[in-house]
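Structural overview
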Amino acid sequence: MILVQNKAERKPSSACTDASCAAPVHHATGTISSAGDSPTRIAILTDIHANLPALTAVLAEVRRHGCERIYHAGDLIDIGPYPAEVVDLAQACGMICVRGNHEAWLMGDAPVGLGKGLRDQDEMEHEQWTLSQLDQAQRDFICAMPPIISETIDRVHLSVVHFALAADGRSISDVSPRWSDDRILDLFARTPGALVCFGHLHDRRFNRIYRGRRFLNPGAVGCSHRGEASFATVDISGGRFTIAEHRVAYERGPLLAAFDVLDVPARDFIRKVFFGV
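Just so it is clear, the model here is predicted, and its values are computed rather than measured. (Residues numbered from 1 in each chain as written. Predicted model: local features only at pLDDT ≥ 70, side-chain atom pairs only at ≥ 80, totals over all residues. Heavy atoms only, no water.)

Most of strand β10 (residues 228-237) is tucked away: 9 of the 10 residues are buried. Bridge count between strand β2 (residues 40-45) and β10: 5 bridges; the pairing is antiparallel. When the sheet's bridge partners are listed, Ile 42 is paired in β10 with Val 234. Summarising the sheet, β10 and strand β11 (residues 240-249) pair through 10 bridges and their orientation is antiparallel. Within the sheet, the bridge partner assigned to Ser 230 lies in β11 and is Arg 247. Between β10 and β11, which follow one another and run antiparallel, lie 2 residues, and Gly 238 among them has a positive phi close to 60°. (Buried < 20%, exposed > 50% of the residue type's maximum accessible area, 1.4 Å probe, protein only. Helix = DSSP H or I, 4+ residues; strand = E, 2+ residues; numbered from the N terminus. Pairing = 2+ DSSP bridges.)

Right, dumping it as structure tokens:
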């Protein structure tokens, strides 16, 4: 059972409590070594989009697979009806998050739309509703997300990014899902790493080598026309890695009903476009 907390009484005054959101964004980097001879197993998630039932199902599988670290490649919030609960769960499990275009909107860097078929007023109402559900600590967590994480794990250079960054190093590049795989992956020419993990395209999954590097988009956790969520695990050891892709079934009924219970703006459009109902 998903417990819904009414957060209408929360009225935070701003997206962030300090000036860091307006300052130049620094990319997060680091080096991690495996313990002993066993590989380091990590989980790659993306596009949770405030879908708490899907995230809960995925995290149960992540624990079952014994993952040491969980990375999220952007768009933790918006679209779904549980933004606050998802942010709290991401923090509680130590999820390592980069920002997506939906977080960029919250930080004031870019407007976010839910799709060409949605009127501007509906977009604004949905975005303001999402913001109204988040308290100041949750907003600060989102504002602290870097646009890209680049780490070396047992001699494997890994980058996690929502999508290929534009020349400014902050916003994401324009893309069409109708483009070829090669044209899409060419956008990542400036993105470092032997293994580049990304999201943004939801059902347009990638797990292939291109120009000598591996590109992985496991598919969205939170947006699917089927009652399933996608993620990947990566085993890293001695400069090598292996990838396993996973699909997890979850019950969509409570999620779809919550749009009405919580009076989520633009819910009919969202259910049709992002969930196929």
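We are not done yet, so read on.
The subject of this paragraph is the side chain of Arg 204. Tracing the backbone through its elements, the reader meets Arg 204 in the loop between β7 (195-197) and β8 (206-210). At a separation of 2.7 Å, a polar atom in the side chain of Arg 204 contacts the side chain of Asp 181. Look past the residues within four positions of Arg 204 in its chain and what remains in contact with it is Pro 177, Arg 178, Trp 179, Ser 180, Asp 181, Ile 184 and Asn 217. (Polar contact = N/O pair within 3.5 Å; in protein donor to acceptor, adjacent residues only side chain to side chain. Contact = heavy atoms within 4.5 Å.)

Attention now moves to the pattern of salt bridges. Per the stated rule, a full pass over the model turns up 13 salt bridges. Note that Arg 69 is salt-bridged to Glu 151, the shortest N-O span being 3.3 Å. Taken together, the residues span a long stretch of sequence, with Arg 69 in strand β3 (residues 69-72) and Glu 151 in strand β5 (residues 148-153) at a distance of 82 residues. With relative accessibility at 24%, the residue Arg 69 sits in the partly exposed group. Take Glu 151: its relative accessible area is 9%, and that puts it in the buried class. Asp 186 is paired through a salt bridge with Arg 211; the nearest N and O atoms lie 3.2 Å apart. (Salt bridge = Lys/Arg side-chain N within 4 Å of Asp/Glu carboxyl O.)

Here we take up the packing of aromatic side chains. Scanning all chains against the criterion turns up 6 aromatic pairs. Taking the centre distance of 5.1 Å and the plane angle of 70° together, the rings of Phe 163 and Phe 188 count as edge-to-face. A residue pair is termed long-range when its members are at least 10 positions apart, and Phe 163 in the loop between β6 (156-161) and α6 (181-186) and Phe 188 in the loop between α6 and β7 qualify at 25 residues. Seen from their ring centres, Phe 188 and Phe 198 are 4.7 Å apart, and the 45° between their planes marks the pair as tilted. Residue Phe 188 is located in the loop between α6 and β7, and its partner Phe 198 is located in the loop between β7 and β8; the two are separated by 10 residues in the primary sequence. (Phe/Tyr/Trp six-rings, centres within 6.5 Å; stacked < 30°, edge-to-face > 60°.)

Glancing now at helix α5 (residues 136-143). Side chains of residues three or four places apart in an α-helix project in the same direction, reflecting 3.6 residues per turn. Of all the positions in α5, only Gln 136, Gln 138, Arg 139, Ile 142 and Cys 143 are classed as buried. Buried residues in α5, looked at end-on, bunch into an arc of 160°, giving them a common side. Measuring from the side-chain oxygen of the N-cap residue of α5 to the backbone nitrogen of Ala 137 gives 3.2 Å; that N-cap residue is Asp 135. (Arc of directions from axis to C-beta.)

Okay, the nonpolar core next. Membership of the largest hydrophobic core comes to 46 residues, with the highest contact counts inside it found for Leu 45, Ile 48, Val 58, Val 62, Leu 76, Met 95 and Phe 275. If you list the elements that add at least two residues to this core, you get β2, α1 (52-64), α2 (83-92), α3 (101-106), α4 (120-132), β10, α7 (253-261) and α8 (267-275). By residue number, the principal contributor to this core is α1, which donates 7 residues. In this structure, Ile 48 is in contact with Leu 55, His 72, Asp 75, Leu 76, Val 86, Met 95, Val 221 and Gly 222, ignoring residues within four places of it in sequence. (Core = buried A, V, L, I, M, F, W, Y, C linked by side-chain atoms within 4.5 Å.)

This part takes up α1. The terminal C-alpha atoms of α1 lie 18 Å apart, and with 13 residues this matches the ideal 18 Å at 1.5 Å per residue to within 8%. Within α1 the residues assigned to the buried category are Leu 52, Pro 53, Ala 54, Leu 55, Ala 57, Val 58, Leu 59 and Val 62. For α1, the secondary structure elements touched by its buried residues are β2, β3, α2, β10, β11 and α7. Put simply, Asn 51 is the residue that caps the front of α1, since its side-chain oxygen is 3.0 Å from the backbone nitrogen of Ala 54. Following α1 by one or two positions, Gly 66 adopts a phi angle in the positive range, close to 70°. (Expected span 1.5 Å × (residues − 1).)

Spatially, the 5 strands line up as an open sheet ordered β4-β3-β2-β10-β11, and their pairing is mixed. Two strands lie at the open edges of the sheet, namely β4 (96-97) and β11, each paired on one side alone. Along the sheet, α1 contacts β2, β3, β10 and β11; its crossing angle with β10, the most-contacted strand, is approximately 30°. (Axes fitted to C-alpha atoms, helices over the stretch in contact; angles between N-to-C directions.)

Here we take up the environment of Arg 41. If you trace the backbone, Arg 41 turns up in strand β2. Residue classification places Arg 41 among the partly exposed positions, given a relative accessible area of 28%. From its side chain, Arg 41 meets the backbone oxygen of His 65 in a polar contact 2.8 Å long.

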